[in-house]
Amino acid sequence: MTNTETAKSDLFSPVMLGPIQLANRIVMAPLTRSRAGDHDVPSELAIEYYVQRATAGLIIAEATQVSPQGKGYVFTPGIYSDDQVQAWKKITSAVHAVGGKIFLQLWHVGRISHPSLQPDGALPVAPSAIKPEGQAYTTAGFVPLLTPRALATSEMPEIVQQYRTGAENALAAGFDGVEIHAANGYLLDQFLRDKTNQRNDAYGGSIENRARLLMEVTAAVVGVWGGERVGIRLSPVSTFGDIADSNPEALFTHVVKALNHFNLVYLHVIEGETGGARNLPGAFDPQILHRLFNGLYMANNGYDLNLAADARDEQRADLVAFGRPFISNPDLVERLRVKAPLAEPDPATMYGGGAAGYIDYPTMKTA
Ligand code: 8OZ
């Protein structure tokens, strides 16, 4: 990109996302901020938080559990009760009133949870009873993750139903669409990968079997919304959540080919290590998935203006999602456009707490 006063990239021009016109190609990535209240109801503060960031071409609202069982961190919001739908409705209405577009990310954490976060203190569920390395974020602080309970084959329709209910509730709450969270070592990713899925029923073993739950969930969500309002997030080379696969290229090639059947509007790919390096030695090139996919490709992971503009110029992405910069720069799109300096987020207020570090980051104008 050449060095002029304002960035000349078509990142800042409108684009169609299926039937929806976005003002630009810059997406606010889903960001867990852990500010929900009792019963997993999104905070009133979230109205202002998302409105402040509504100049993003698209907001993907934070990961939101589709069921009480799908919860894995304190203070994350849900989309399984009427109170939650009413609270989300206020958020989507306020974002729409200022011209923004907003999807909801549908989430089930699987084994990345803790009995203290589960209904009746139950063990978290997973494809197989394999303990993840790492810690759960609970009301008692960080505690070690435990060996989960393997789901019975007979429980699989109920898991699919949780996503269907989440999708229906997201529709009732006024979202523009939904993103299926199949990344970062949560339930759907746990089924995909052979390190975490050692089942010997129809949901484990071959790549086709390991992808079965994701395809059933996608069919259910598309049944509610239509493919043109459903996106999906994958993290094919990430190990976040203590996840791995013996052949990620074969696995994710199959997954993307199978997803093409649903005509999803976008594929959102965390191209490197979640929250970490973009270039991983030995990892396959996620552009393979871009070339295979029949909808829009949304790139994510450590992008800045130059990387994003280059990705557009070289046709390596249709949309670019920014995460952490949106925490501390509510007017990120304008700052990128005029090449203004970006504010750094304060790690101390990233998760949990109230307004501080949430809705008090200034725009360039108010700074
Ligand atoms: C950071 C902290 C808690 C959750 C993800 C939903 O990685 C998350 C998440 C990230 O997708």
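Basis of the calculations
Residues numbered from 1 in each chain as written. Predicted model: local features only at pLDDT ≥ 70, side-chain atom pairs only at ≥ 80, totals over all residues. Heavy atoms only, no water. Helix = DSSP H or I, 4+ residues; strand = E, 2+ residues; numbered from the N terminus. Rg over C-alpha atoms; globule rule 2.2 N^0.38 Å. Buried < 20%, exposed > 50% of the residue type's maximum accessible area, 1.4 Å probe, protein only. Contact = heavy atoms within 4.5 Å. Areas by Shrake-Rupley, 256 points an atom, 1.4 Å probe, with all protein chains shown as cover. Lys, Arg positive; Asp, Glu negative; His and termini not counted. Charge placed at Lys NZ, Arg CZ, Asp CG, Glu CD. Expected span 1.5 Å × (residues − 1). Near = heavy atom within 4 Å. Polar contact = N/O pair within 3.5 Å; in protein donor to acceptor, adjacent residues only side chain to side chain. 1 Å grid on protein atoms, 1.4 Å probe; cavity = no way out; pocket = protein on both sides within 12 Å on 5 of 7 lines; lining within 4 Å. Sits in = over half its atoms within 2 Å of the grid points. Pairing = 2+ DSSP bridges. Axes fitted to C-alpha atoms, helices over the stretch in contact; angles between N-to-C directions.

## Concerning the overall build of the protein
Part 1 of the reasoning: A count of helical and extended segments in the protein gives eleven helices and 14 strands.
Part 2 of the reasoning: In terms of C-alpha radius of gyration, the protein reaches 19 Å, essentially the compact-globule figure of 21 Å for 367 residues.
Part 3 of the reasoning: C-alpha extents for the protein along the principal axes are approximately 60 × 45 × 35 Å.
Part 4 of the reasoning: Out of the 367 residues in the protein, the part that is buried amounts to 58%.
Part 5 of the reasoning: Residue pairs at least 24 apart in sequence account for 74% of intrachain contacts in the protein once pairs closer than 6 positions are excluded.
Part 6 of the reasoning: Counting only carbon and sulfur atoms, one obtains 53% of the accessible surface of the protein, whose full area is about 14000 Å².
Part 7 of the reasoning: Placing the 30 positive and 38 negative side-chain charges of the protein at their respective mean positions leaves the two points 2 Å apart.

## Observations concerning helix H2 (residues 82-97)
Residue pairs three or four apart in sequence face the same way in an α-helix, which turns once every 3.6 residues.
Part 1 of the reasoning: Given a rise of 1.5 Å per residue, 16 residues ought to cover 22 Å, and the 22 Å separating the end C-alpha atoms of H2 matches this to within 8%.
Part 2 of the reasoning: By the burial criterion, the buried members of H2 are Gln 84, Val 85, Ala 87, Trp 88, Ile 91, Thr 92, Ala 94 and Val 95.
Part 3 of the reasoning: At the exit of H2 stands Gly 99, carrying a positive phi of roughly 90°.

## A short note on the site of the ligand
Part 1 of the reasoning: Around the ligand sit Thr 32, Ala 63, Tyr 73, Trp 107, His 181, Asn 184, Tyr 186, Phe 240 and Tyr 351, and those are all the residues in its vicinity.
Part 2 of the reasoning: Here His 181 contributes a side-chain N or O atom positioned 2.7 Å from an oxygen atom of the ligand.
Part 3 of the reasoning: Asn 184 is positioned such that a nitrogen or oxygen atom in its side chain is 2.8 Å from an oxygen atom of the ligand.
Part 4 of the reasoning: Look at the ligand: alone it shows 300 Å² of surface, and the protein chains cover 84% of it.
Part 5 of the reasoning: The pocket occupied by the ligand, as judged from atoms lying within 2 Å of grid points, is the largest pocket.

## Side note on the sheet that holds strand E14 (residues 319-322)
Note on sheets: strands pair through backbone hydrogen bonds, and any given pair is parallel or antiparallel.
Part 1 of the reasoning: The strand order E3-E4-E5-E10-E11-E12-E13-E14 describes a closed barrel built from eight strands, whose pairing is parallel. Averaged over all neighbouring strand pairs, the angle between strand axes comes to 25°, with direction disregarded.
Part 2 of the reasoning: Across three bridges, strand E13 (residues 296-300) lies against E14 in parallel orientation. Following the sheet pairing, Ala 299 is matched in E14 by Val 320.

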